[in-house]
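The lines below spell out each chain.
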Amino acid sequence: MPEWLQAGGWGLLAGFALVLGALPGYTVRMPQWLISSVMAFGAGVLMSAVSFELIDEAHERAGLAPTVVGAVSGAVLYTVCNMLLARRGARHRKRSGDRQPSQEEGSGTAIALGAVLDGVPESLVIGASLLGGGSVSMVTVAAVFISNVPEGLSSAAGMRRAGRSKTYVFGLWSGIAVVSGLSSLAGYALLGQAPAAVLAGIIALAGGAILTMIADTMIPEAFENSHLMTGLITLVGFLLAFAVSKAGG
């Protein structure tokens, strides 16, 4: 199978986890503490991937300077975009409780764009991981997949409470899954000829954006209803992903 097709397929698979998470989130009324706990676990998994699969990879490719510049740029870019979307009603897009705006109060377009903003950096590095080595980083794919399940679950639960229709919720996450596949394909196709420093900077940029997203949207939801256990659950997710990373290495 051509590598570009593999890149798109792995990104689509990771993005499809959003749909899998949204299914129980929308159809089953889960306790808030359980949703928050699952989100904490996903945040830990994703933080580990950022640390050991993205930032460390960028540093190995080109050193500290491109890594720092890329990570800071990613954090700033995500923050600016998130602020703009927050003003349009997408601030609490990952919340499972009553904080999500209703159809009358918030913009569905802003929520959809916010979901794209969250998912594109993750998918981009999945495609980029195929460059040079010939095989995708299964740790990155697994981390994004595992973290996407609680994201879809929490958001779908909140959207149901806000009065969003089933068609809207599953249409949104299915669309984001497709965008994830295309982003992963783009990460492979567009970065293949990039110099090491540029590739490292883009990988670090994605890492900075993802880490900012975790702190800005995932951790608040995790802390909302399971705050006494959030740190411990997050650590479990972090260590599990770390163990998989070392086993895969």
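Attention here is on the structure that accompanies the text. Computed from a prediction, not measured in an experiment: that's the story for all the values here.

Thresholds applied
- Residues numbered from 1 in each chain as written.
- Predicted model: local features only at pLDDT ≥ 70, side-chain atom pairs only at ≥ 80, totals over all residues.
- Heavy atoms only, no water.
- Phe/Tyr/Trp six-rings, centres within 6.5 Å; stacked < 30°, edge-to-face > 60°.
- Helix = DSSP H or I, 4+ residues; strand = E, 2+ residues; numbered from the N terminus.
- Buried < 20%, exposed > 50% of the residue type's maximum accessible area, 1.4 Å probe, protein only.
- Lys NZ or Arg CZ within 6 Å of the ring centre and 35° of its normal.
- Salt bridge = Lys/Arg side-chain N within 4 Å of Asp/Glu carboxyl O.
- Axes fitted to C-alpha atoms, helices over the stretch in contact; angles between N-to-C directions.
- Parallel < 35°, antiparallel > 145°, perpendicular 65-115°, else oblique.
- Left-handed = near helix turned anticlockwise from the far one by under 90°.
- Contact = heavy atoms within 4.5 Å.
- Nonpolar A, V, L, I, M, F, W, Y, C, P; charged D, E, K, R; others polar.

## Some points on the packing of aromatic side chains
Stage number 1. This structure, assessed with the given rule, holds 3 aromatic pairs.
Stage number 2. For the ring pair Tyr26 and Phe170, a centre distance of 5.9 Å and an interplane angle of 70° mean the geometry is edge-to-face. One end of the pair, Tyr26, is in helix 1 (residues 3-27); the other, Phe170, is in helix 6 (residues 166-191), and 144 residues separate them in sequence.
Stage number 3. The exposure class of Tyr26 is buried, given its relative accessible area of 14%.
Stage number 4. Aromatic pair Phe52 and Phe242: ring centres 4.8 Å apart, planes at 55°, arrangement tilted. One end of the pair, Phe52, is in helix 2 (residues 32-62); the other, Phe242, is in helix 8 (residues 230-248), and 190 residues separate them in sequence.
Stage number 5. The class of Phe242 is partly exposed, set by a relative accessible area of 28%.
Stage number 6. Above the plane of the ring of Tyr168 lies Arg164, whose end atom (NZ or CZ) is 4.9 Å from the centre.

## Looking at the pattern of salt bridges
Stage number 1. Within the structure shown, the criterion is met by 1 salt bridge.
Stage number 2. Residue Arg61 pairs with Glu57 through a salt bridge whose shortest N-O separation is 2.6 Å. Within this pair, Arg61 and its partner Glu57 are both found in helix 2, separated by 4 residues, close to a single helical turn.
Stage number 3. For Arg61, a relative accessible area of 31% puts it in the partly exposed group.

## Quick notes on the packing of helix 1 against helix 5 (residues 138-161)
Helix packing geometry: the angle between the two helix axes and the distance between the axes.
Stage number 1. One way to put it is that helix 1 packs onto helix 5 with a least axis distance of 6 Å and a crossing angle of 30°. Classified by the angle their axes make, helix 1 and helix 5 are roughly parallel. Remark: the crossing between helix 1 and helix 5 carries right-handed chirality. Of the residues in helix 5, those touching helix 1 at Trp10, Leu13, Ala14, Gly15, Ala17, Leu18, Leu20, Gly21, Ala22, Pro24, Gly25 and Tyr26 are Met138, Val141, Val144, Phe145, Asn148, Val149, Glu151, Gly152, Leu153, Ala156, Ala157 and Arg160.
Stage number 2. Here the contact of helix 1 with helix 5 is composed, by residue class, of 17 nonpolar, 5 polar and 2 charged.

Read these as layout, nothing more, since geometry by itself doesn't imply function.
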